[in-house]
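Results of the structural survey
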Amino acid sequence: MGFYLIQTLNAVAFSVLLMLCGLGLSLVLSLMNFVNLTHGASYLFGSYVAVVWLGSGAPWWLAVPAAFLAAALAGLLLDRFPFARFYGRNHLAQVLLTYGLSVMFADLMRLGFGAEIRSPALPDLLRGVVFVLGMPFPIYRLVLILAGGVLALVLWYLFDRTIWGAVVRASVADRRMVETLGLDTSRVFAVVMAIAAGLGGLSGALGVGMLSAYPGLDEEILLHALFVVVLGGLGTFRGTVAGAFILGFAMTFARVWLPEFAGFLTLLAIALLLVLRPDGLVAPRLRQV
Amino acid sequence: MRAHAWLLCLPLAGLLALFGGDYHLRFAAEILITGTAVMSLDILVGQGRLVSLGHAALFGGAAYVSALLAIHAGAGLMPVLLAGIATGMLLALVMGLVATRSVDLFFLILTLVVGQMVYELAFHWRTVTGGADGLRGIPALALHLGGASWPMSGARSLFLLAAGLALLAYLLARSFLAAPIGRALVASREQPVRLAALGYEVRRLRLLAMVFAGGIAGAAGALYPFVNLYVGPNLVHWSMSATMIVMLVLGGVGTLHGAFVGTGLYLLVQTYLSSFTDRWQLLIGLLFVLIVIFLPDGIVRPGWRRRQA
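Residues numbered from 1 in each chain as written. Chains lettered and ligands numbered in written order. Predicted model: local features only at pLDDT ≥ 70, side-chain atom pairs only at ≥ 80, totals over all residues.

**Brief notes about the overall build of chain A**
The condition is simple: Secondary structure elements follow DSSP: runs of H or I no shorter than four residues count as helices, runs of E no shorter than two count as strands, and numbering proceeds from the N terminus. Between the two quantities, the radius of gyration covers C-alpha atoms and the globule rule is 2.2 Å times the number of residues to the power 0.38. What counts as a contact here is a pair of residues whose C-beta atoms, placed from the backbone, lie within 7 Å.
The helix and strand tally for chain A stands at 11 helices and 2 strands. Of the regular secondary structure in chain A, the N- to C-terminal order runs α-α-α-α-β-β-α-α-α-α-α-α-α. Its C-alpha atoms give chain A a radius of gyration of 19 Å, within 12% of the compact-globule value 19 Å for 289 residues. Along the first, second and third principal axes, the C-alpha atoms of chain A reach 60 × 45 × 35 Å. In chain A, the share of contacts with a sequence separation of at least 24, taken over all contacts with a separation of at least 6, comes to 79%.

**Things to note about the overall build of chain B**
Convention followed: Whether a residue is buried, exposed or partly exposed is read from the other C-beta atoms within 10 Å of its own C-beta, which are placed from the backbone; 20 or more gives buried, 12 or fewer gives exposed, and intermediate counts give partly exposed.
Helix and strand content of chain B: 13 helices and 2 strands. The C-alpha radius of gyration computed for chain B amounts to 19 Å, which stays within 12% of the reference 19 Å derived for 309 residues, consistent with globular compactness. Taken over the C-alpha atoms alone, chain B extends approximately 55 × 45 × 40 Å along its principal axes. Relative to its 309 residues, chain B shows a buried fraction of 52%.

**A word on the environment of B:Ala99**
Residue and element names in this part refer to chain B. One can find Ala99 in helix H4 (residues 77-99). A residue is classified by how many C-beta atoms lie within 10 Å of it, and Ala99, with 31 of them, is buried. Spatially, the C-alpha atom of Ala99 lies 6.1 Å from that of Thr111, the residues being 12 residues apart in sequence. For Ala99, the contacting residues outside a window of four places in its chain are Phe107, Leu110, Thr111 and Val114.

**Let's talk about the interface of chain A and chain B**
Applied cut-off: Residue classes follow a fixed rule: Ala, Val, Leu, Ile, Met, Phe, Trp, Tyr, Cys and Pro count as nonpolar, while Asp, Glu, Lys and Arg count as charged, and any other residue, Gly among them, counts as polar.
Tallying the contact residues gives 30 residues for chain A and 36 residues for chain B. At the level of secondary structure, the elements contributing two or more residues to the side of chain A that touches chain B comprise helix H4 (91-113), helix H9 (217-232) and helix H11 (262-276) of chain A. Looking at the side of chain A that touches chain B, the element that brings in the most residues is H4(A), giving 12 residues. Of the residues belonging to the side of chain A that touches chain B, the class tally is 22 nonpolar, 5 polar and 3 charged.

**Some remarks on the environment of A:Pro65**
All names here are of chain A. Among the secondary structure elements, Pro65 is positioned in helix H3 (residues 63-80). Classification of Pro65 by C-beta neighbours within 10 Å gives partly exposed; the count is 13. With 15 residues separating them along the chain, Pro65 and Ala50 place their C-alpha atoms 9.3 Å apart.

**Focus on the nonpolar core**
Just so we agree on the cut-off: A set of buried residues drawn from Ala, Val, Leu, Ile, Met, Phe, Trp, Tyr and Cys, joined through C-beta atoms within 7 Å, is what defines a nonpolar core.
In terms of nonpolar packing, the biggest core is built from 200 residues, with A:Ala67, A:Val192 and B:Ala162 touching the most fellow members. By residue number, the principal contributor to this core is helix H1 (residues 2-32) of chain A, which donates 17 residues. When sequence neighbours within four positions are dropped, the list of residues in contact with A:Ala67 reads A:Gly46, A:Val49, A:Ala50, A:Gly201, A:Leu202, A:Gly204 and A:Ala205.

**Focus on the pairing of strand S2 (residues 135-138) of chain A**
All names here are of chain A. Using the following cut-off: What makes two strands pair is DSSP finding at least two bridges between them.
Pairing geometry for strand S1 (residues 129-132) and S2, over 4 bridges, is antiparallel. Opposite Phe131, over in S2, you have Pro136 as the bridge partner. Turn length for the S1-S2 hairpin, with the two strands adjacent in sequence and antiparallel, is 2 residues, and the turn residue Leu133 shows positive phi of about 50 degrees.

**What about the packing of helix H6 (residues 163-173) of chain A against helix H8 (residues 185-211) of chain A?**
Residue and element names in this part refer to chain A. Rule in force here: Every axis in this analysis is a line fitted to C-alpha atoms, fitted for helices over the stretch in contact. Angles between the N-to-C directions lie between 0 and 180 degrees. Orientation is classified from the angle alone, with under 35 degrees giving roughly parallel, over 145 giving roughly antiparallel, 65 to 115 giving roughly perpendicular, and any other angle giving oblique. Helix crossings get a hand from a simple test, with the near helix turned counterclockwise from the far one by less than a right angle marking a left-handed crossing and a clockwise turn marking a right-handed one.
Where H6 meets H8, the axes come as close as 10 Å, and the angle between the chain directions of the two elements is 115 degrees. Taken together, H6 and H8 sit at an angle that is classed as roughly perpendicular. Between H6 and H8 lies a crossing whose hand is left-handed. Contact residues: H6 offers Val167, Val168 and Ser171, while H8 offers Thr185, Val188 and Val192.

**Focus on the confidence of the model for chain A**
Note the cut-off: For every residue, the predictor assigns a confidence score, pLDDT, that lies between 0 and 100.
Per-chain confidence: chain A averages 88 in pLDDT, with 98% of residues scoring 70 or above. Confidence scores differ between elements of chain A, with S1(A) showing the lowest mean pLDDT of 82 and helix H2 (residues 39-55) of chain A the highest of 94.

Written as structure tokens, this is what we have:
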């Protein structure tokens, strides 16, 4: 009983991480129709920034904002060149461009941060365990669940309830109409790209205490985030959250029961779900003309 | 491909077969075999605008089956080729059944999902596939006909075999595209809704195209282990699929023969780069980016103008 409760908590922590990462990707994908395969690199970059930050003795609670800012700045630069000229192109060109960039970033990060597994020097406050039904559970993961939940709420409020969020959603629905209202949509998209990349870095900084940081993690995270977004359905906040929890629970329990073929089973579950719901769990109604 | 292109290619292949050294012949065979698989991807990407990120799984899956047959059963050319084609078509059928319900981004992701399932099997089913180590010790290829058998292990015979396969696959693909089903596939790229209104089942059409392309990729995959002498999980990984798309774009999408040009150039650059620097991945990534920024239409221009949709 205690064992399954701990595994459930693990699954929730992993799901929250997937959710944060998926939300960043989903923003760019559903709002700008841009396939950004560098999102995994943003995550790993955020992880490395957090590791270096915590190792340098700077105040630990600033590690996550620092990772967010660093990744957001990288996203802003990428938006100026070369992403902006690819927003209107087809997915094939976008996949090639961002895949090539992610390969480059992966190699650059291996050059800069080394090829070994890097774990952060967590502050004592986050290092202990709490006992749940007599089983130990890391405090860090509880904090992760809480922080992720709060962040998700903030994002939802930002995009669903503020005028700024309405501008972003309107730019997606009808870009030209928004421009006739005197708003610069390319600036809107630049900000969205920066926030999305920042979210990638932020989830990397939060996740590094759980998954550590190593070359190749960027690609794993990228695939998971892609699956989360597609599973949930494009353009919906609820969908991404649902997708993250399904994938998080499927992966955690597949690992518990059949560790050897966990990856295969998870992919099988994704394929089956997508066959049943081809447009994702929460699909916006679309008419094809 | 025009007449002057044939006049260039055939003597070139002949000269290479007569005077080429072992290393160059093997390298040329690898280009032709990989190029055949990339060309089959061109049927999907170029004619049907079905961008698949799982094509390497068809190619590599067939390579695994072929290598396993050769290692454990000592299979000759014909059984290996047939098994490879069957594997490619079967995997493509599964991939198609899952993915053809969707288009565009969802098609991309679903082919990626199915392809990664093949990768997971190749990586974790250690007793059969050798896991991360892959399969080594692939026996020499031989052709058994009736009671006689010819060894085909030399670089020259492998090159000729690969050239024959590439030529056959190219002609087959061209006749597929010239046939009504191929024209319908192009129509499904341009106007899927109108085509459906005309009574075509677009989904079935796409499924058939995928199975056909899978068969060609499977045939190429069947020969791959004998040229490369090693089959590893990286061959079925999605990054290989992405690399195949880059080769295709480099050569020119929608031309068929451009696939061979792109594959040749890519493999040349990769071999050259990896021989003189450790940071070749960085340069390969840079190459991807440069290609898509400066050469979006590839080296070989297609007959029709590509629309920027």
